Amino acid sequence: MFTAMHHQDVQELHFCHKEQLNAVIAIHNLRLGPALGGCRFLPYDSEQEAITDALRLAKGMSYKAALARVPQGGGKAVIMAPKEPFNRKALFKQFGQFIQSLSGRYITAMDSGTQVTDMDHIRSQTPYVSSSSEIGDPSPTTAQGVALGIATAVQFQFSHDLSNIRVAIQGLGHVGLALAEQLHAQGARLIVSDVDPQKAQLAKQKYQAKVVAPEDIYQQECDVFSPCGLGAILNEKNIDILKCKIIAGCANNQLASDDMGQLIHDKGILYAPDYVINSGGLIFASSRFRGLKTSEIAREVHKLKDTLDKIFVLSHTKNKACHEIANEMAEQILFGKMVQFQEAV
Ligand code: NAD
């Protein structure tokens, strides 16, 4: 266990087993503030799989917070969905008590498998929650950041605004559809795919998008490929058939492995690191938790433009893959001597 923690630089692992609740909270780093990260509620095959997920995801949240300049550490919670029938309300209330026992070291949020009502149940037991029906959905803010990130990448790569730029969006969920709306409003031409044909048809009707089958999205002639569905889709096979000059989307953990970042760089494709371009959701959650106003949140999200610009310039001048530059910048903030965001970002 300690070796696995060491491997991901995770400082703390907390476990709770109470009646049907089997939960783990991983805290990666508290240097910048209390850890903030979503809670996954999934049917894991083994305890080890659940712990590995928490460790890996907590690290990602630290890096995201560092480059988003939010005063939060990285953390993630995982609840193993019970295999037997269970009382969902009671389970999430117990999870709320578990969070409360950590006295604010970890703040939770929605993630795969959780619903806003689950967050409301947690909130009945602890104030350390950054999603609830009262707080609202982070997805529109994430989409706003991704649209800004795509515009930044297009400006860097083509010295052009979004008008007539062809963007292929994979996945039209909470973020993908809102992104389609923003890009369409700025004159981009859209190609879309979703495993749910109704969502694709909606984008066709509302934003004149060209609809393609999910398996055909990679080989589309386009300027930007925007992964907004699943993670780990940037593998050797898919990268090989991409015809774009930019990859920029909201999905978490897009690179199937770190080597894929280098492959993308070698192909001359500009890659907007996922945890930088999709940080709008974290900025929303952190800002709402700290009581910031909507106008202040928009200002915070806008800063991701400067961070991406810096990554693109350094990648170009050092001939180094964008994901490596982003990791180095985050590590300088998390583990280096400086804590001042301005100096590193
Ligand atoms: P979502 O579940 O609402 O949407 C995902 C969409 O992708 C769905 O419409 C689904 O049908 C589609 N999809 C799944 N597999 C697909 C495939 N093979 N081809 C095409 N479409 C496919 O999720 P979301 O909230 O929009 O988030 C999307 C991604 O962005 C996730 O990876 C999420 O972790 C990440 N993310 C979301 C936020 C946020 O604020 N919601 C913030 C940061 C990162």
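The preceding data block contains the structure.
Residues numbered from 1 in each chain as written. Predicted model: local features only at pLDDT ≥ 70, side-chain atom pairs only at ≥ 80, totals over all residues. Heavy atoms only, no water.

1. Here's the deal with the overall build of the protein
In plain terms, the rule: Helical segments are the DSSP runs of H or I of at least four residues, strand segments are the runs of E of at least two, and each set is numbered from the N terminus. Radius of gyration: C-alpha atoms only; globule rule: 2.2 Å multiplied by the number of residues to the exponent 0.38. Here the open area of atoms and residues is found with the Shrake-Rupley method and a 1.4 Å probe, where only the protein chains shown may cover a residue. For the purpose of charge, His is not counted, nor are the chain termini; Lys and Arg are scored as positive and Asp and Glu as negative. Note that the charge is assigned to NZ on lysines, CZ on arginines, CG on aspartates and CD on glutamates.
Helix and strand content of the protein: 15 helices and 11 strands. Against the 2.2 N^0.38 benchmark of 20 Å for 345 residues, the protein shows a C-alpha radius of gyration of 20 Å, consistent with a compact globule. Counting only C-alpha atoms and orienting by the principal axes, one finds that the protein spans roughly 55 × 50 × 40 Å. Split by element, the accessible area of the protein, about 15,200 Å² in all, is 51% carbon and sulfur. Separation between the mean location of the 34 positive side-chain charges and that of the 35 negative ones in the protein comes to 5 Å.

2. Quick notes on the site of the ligand
For the record, the criterion: If even one non-hydrogen atom of a residue comes within 4 Å of a molecule or strand, that residue is called near it. In the analysis that follows, any N or O atom pair within 3.5 Å is treated as a polar contact, provided that within protein one partner can donate a hydrogen and the other can accept it, and provided that, for residues neighboring in sequence, both atoms belong to side chains. Each cavity reported here is a set of points on a 1 Å grid over the protein atoms alone in which a 1.4 Å probe fits but cannot get out, each pocket an open set with protein on both sides within 12 Å along at least five of seven lines, and each lining residue one with an atom within 4 Å of a point. Whether a molecule sits in a cavity or pocket is decided by its atoms, more than half of which must lie within 2 Å of the grid points. Charged means Asp, Glu, Lys or Arg here, nonpolar means Ala, Val, Leu, Ile, Met, Phe, Trp, Tyr, Cys or Pro, and polar covers whatever is left, Gly included.
Among the 21 residues in the neighbourhood of the ligand, the closest are listed as T142, H174, V175, D194 and K199. Measuring from an oxygen atom of the ligand, one finds a backbone N or O atom of G173 at 3.5 Å. One nitrogen or oxygen atom from the main chain of V175 is found 2.9 Å from an oxygen atom belonging to the ligand. Coverage of the ligand by the protein chains reaches 75% of its 830 Å² of free accessible surface. Most atoms of the ligand, that is more than half of them, are within 2 Å of grid points of the largest pocket. Broken down by secondary-structure element, the contributors of at least two residues to the shell around the ligand are α5 (139-158) and α6 (174-185). Each residue belonging to the shell around the ligand can be placed in one class, and the counts come to 9 nonpolar, 10 polar and 2 charged.

3. Details of helix α11 (residues 280-289)
For an α-helix the count is 3.6 residues per turn, leaving residues at separations of three or four pointing the same way. Our working definition: Exposed residues in this analysis have more than 50% of their type's maximum accessible area, buried residues have under 20%, and partly exposed residues fall in between, with area computed by a 1.4 Å probe over protein chains only. The contact criterion used throughout is that any non-hydrogen atoms of two residues lie within 4.5 Å.
With respect to burial, α11 is a largely interior element, 8 of its 10 residues being buried. Burial in α11 covers these residues: G280, G281, L282, I283, F284, A285, S286 and S287. Among the structural elements, β3 (35-42), α2 (47-68), α5 and α12 (294-302) are those in contact with the buried residues of α11. Within two residues after α11, G291 carries a phi angle of roughly 80 degrees, on the positive side.

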